[in-house]
Amino acid sequence: MSIRLISISHKTAPLEVRELFAFTKEKQAELEKILIDEGGAAESVIIATCNRTEIYTYFDKNQDKKKNVFTRLQELILRESGAAAVKEDVSDYLRFYQDRKAVNHLFSVTAGLDSMVVGEDQILGQVKHAHALAQEAGNSGKYLNTLFRYAVTCSKKIKTDTDLSKTSVSTATLAVKAAEEAFGGSLAGKNVMVIGGTGQIGGIVLKNLYSLKGLNIYSTIRNVTMTHDAHIKSESNTLIDYKERYDYINAMDVIISATASPHYTLTGTKVKEHMTTDKPRVFVDLAVPVDIEETIAEFPHTFFYNMDDLEELAETNNRAKKEAVCQAGEILEEFEEDFMRWMIFQQAVPRMQEVKHWMEEEAEKKGFGKAIDKLFYRIRENASPEELEAFVENLREPEK
């Protein structure tokens, strides 16, 4: 019985590889089901964000005894993503974790400790959403439900008890910061377009832009007349129809795109066609798969950033949070141990019921004291010296 994890993240894989595993919500639920039906897992939850895809599975006693569990999971993941057909060495970018290491990894991810921007807040919501989707699809059960509940609780305590999120910086914040630096530290008087402002990342970008003074914000939307989103509707924000986005390109100084689109939101050919004024412009692509065709980076006076380019900016933020990370690590370890105790205990319940029944029979024959003595001798004969020492240590009287 064990928890297994296969991970593809910004720490191990470039953007071109990560986007091969950028599953839609529908595909996440479908793959979770396949890992259960064909892979032999009892439960499955998949987290898919801009910077990572994490595939968690729980195997019961019978399935976990079968050989090559990770090999079986890997084959199904590569088959369903089609990644192996696109990139020959894609397996080199996969990372494998089991039991306590998998638990530690999820807790680190949920708390923002494993993020490109350490301490960022949006990953917590993404983890909760991924778990909710798996629950709704019937793919997550007792063990992964409890694991994810512990992870969320641990993350909240870290955010409350440390300074990790007091100066939280997300990739969306870095996008705005990158644009500011390109224009000498200020966007005052600039025209900024956000493509995908109704989405989670785009909404955060807009919030950051609203906090700045003196800039003109434009955000695309599929149907201007039907929106009631508070992130979109603002006095400083002009709504434009997504279909008309190219018509505004020439007037823009900054274009930030953050959609879940399977195709380019901006292509090099069309941008070049509509860009008639020669002036500095910043393009920031926050999407995985990518939104903006990279040929735009070759245009004169153009600054271009994608998710990989933001890593350098993230490093500065991360170095400033080292002390908080140490404090967070201590909290994480406590929750990790609590969960492992819970899981080991739950998995041992059938065995404990057997021992309880055996002791009741022994007590009827020779008395309760003799049954206890026999249990202790049984433990002595079967435990390793380290296990026996730990058992005896835990027999001490609890402190009052």
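Preceding this section is the structure that the text describes.
As a convention, each chain's residues are numbered from 1 in the sequence order in which they are written. Reporting of local features is limited, given that this is a predicted model, to residues whose pLDDT is at least 70; pairs of side-chain atoms are given and counted only at 80 or more, and all residues count toward the totals for whole chains, interfaces and linings. In computing side-chain values, all of the structure's heavy atoms are included and hydrogens and water are not.

Caption draft 1: Examining the packing of helix α8 (residues 142-161) against helix α14 (residues 322-366) more closely. Working convention: axes come from line fits to C-alpha atoms, limited for helices to the stretch in contact. Angles between N-to-C directions cover 0 to 180 degrees. Each helix is a run of DSSP H or I of at least 4 residues and each strand a run of E of at least 2, with the numbering of both proceeding from the N terminus. For the pair α8 and α14, interaxial distance at closest approach is 10 Å and the crossing angle is 160°. Regarding the angle of α8 to α14, the classification is roughly antiparallel. Helix-helix and strand crossings are classified by hand; for α8 and α14 the assignment is right-handed. Residues K142, Y143, T146, L147, Y150, T153, C154, K157, I158 and D161 of α8 touch α14, and the partners they reach there are A328, I331, L332, F335, D338, F339, W342, M343, Q346 and Q347. Residues that form the contact of α8 with α14 fall into these classes: twelve nonpolar, four polar and four charged. Roughly parallel means an angle under 35 degrees; roughly antiparallel means over 145; roughly perpendicular covers 65 to 115; every other angle is labelled oblique. Here a crossing is called left-handed whenever its near helix is offset anticlockwise from the far helix by less than a right angle, and right-handed whenever the offset is clockwise. By definition, residues are in contact when any of their heavy atoms lie within 4.5 Å. All amino acids are sorted into three groups, where Ala, Val, Leu, Ile, Met, Phe, Trp, Tyr, Cys and Pro are nonpolar, Asp, Glu, Lys and Arg are charged, and the leftover types, Gly among them, are polar.

Caption draft 2: The side chain of S261, seen in detail. The topology assignment puts S261 in the loop between β8 (254-257) and α12 (268-274). A residue is classified by how much of its surface remains accessible, and S261, at 9% relative accessible area, is buried. Polar contacts involving the side chain of S261 include one to the main-chain carbonyl oxygen of H263, which spans 2.9 Å. The cut-offs for exposure are 20% and 50% of the maximum accessible area for each residue type, with area from a 1.4 Å probe on protein chains only; residues under the lower value are buried, those over the upper are exposed, and the others partly exposed. N or O atoms closer than or at 3.5 Å make up a polar contact, with two conditions inside protein: a donor-capable atom paired with an acceptor-capable one, and, for residues adjacent in sequence, both atoms drawn from side chains.

Caption draft 3: Representation of the sheet that holds β8. In spatial order, the strands read β7-β6-β5-β8-β9-β10; together these six strands make up an open sheet with parallel pairing. Only two strands of the sheet have a single neighbouring strand rather than two, namely β7 (237-241) and β10 (302-305). Ignoring which end each strand starts from, the neighbouring axes of this sheet average 15° apart. In this sheet, β8 lies alongside strand β5 (residues 191-195) in parallel orientation, the contact comprising four bridges. Each pair of strands is called paired provided DSSP finds at least two bridges between the two strands.

Caption draft 4: Representation of the pattern of salt bridges within the structure. Throughout this description, the term salt bridge denotes a Lys or Arg side-chain nitrogen within 4 Å of a carboxyl oxygen of Asp or Glu. Under the definition given, this model contains 16 salt bridges. Note that D114 is salt-bridged to K11, the shortest N-O span being 3.1 Å. Residue D114 is located in the loop between α6 (100-110) and α7 (122-136), and its partner K11 is located in the loop between β1 (2-9) and α1 (15-18); the two are separated by 103 residues in the primary sequence. Judged by its relative accessible area of 10%, D114 falls in the buried class. Under the relative-accessibility criterion, K11 is labelled exposed at 54%. The salt bridge involving D253 is made with K279; its shortest N-O contact spans 3.2 Å. You can see D253 sitting in the loop between α11 (245-248) and β8 and its partner K279 sitting in the loop between α12 and β9 (281-285), a full 26 residues away along the chain. Take D253: its relative accessible area is 8%, and that puts it in the buried class. Via salt bridges that share partners, K27, E30, E38, R79 and E80 belong to a single interconnected network.

Everything listed here is a matter of geometry and, on its own, says nothing about what the molecule does.
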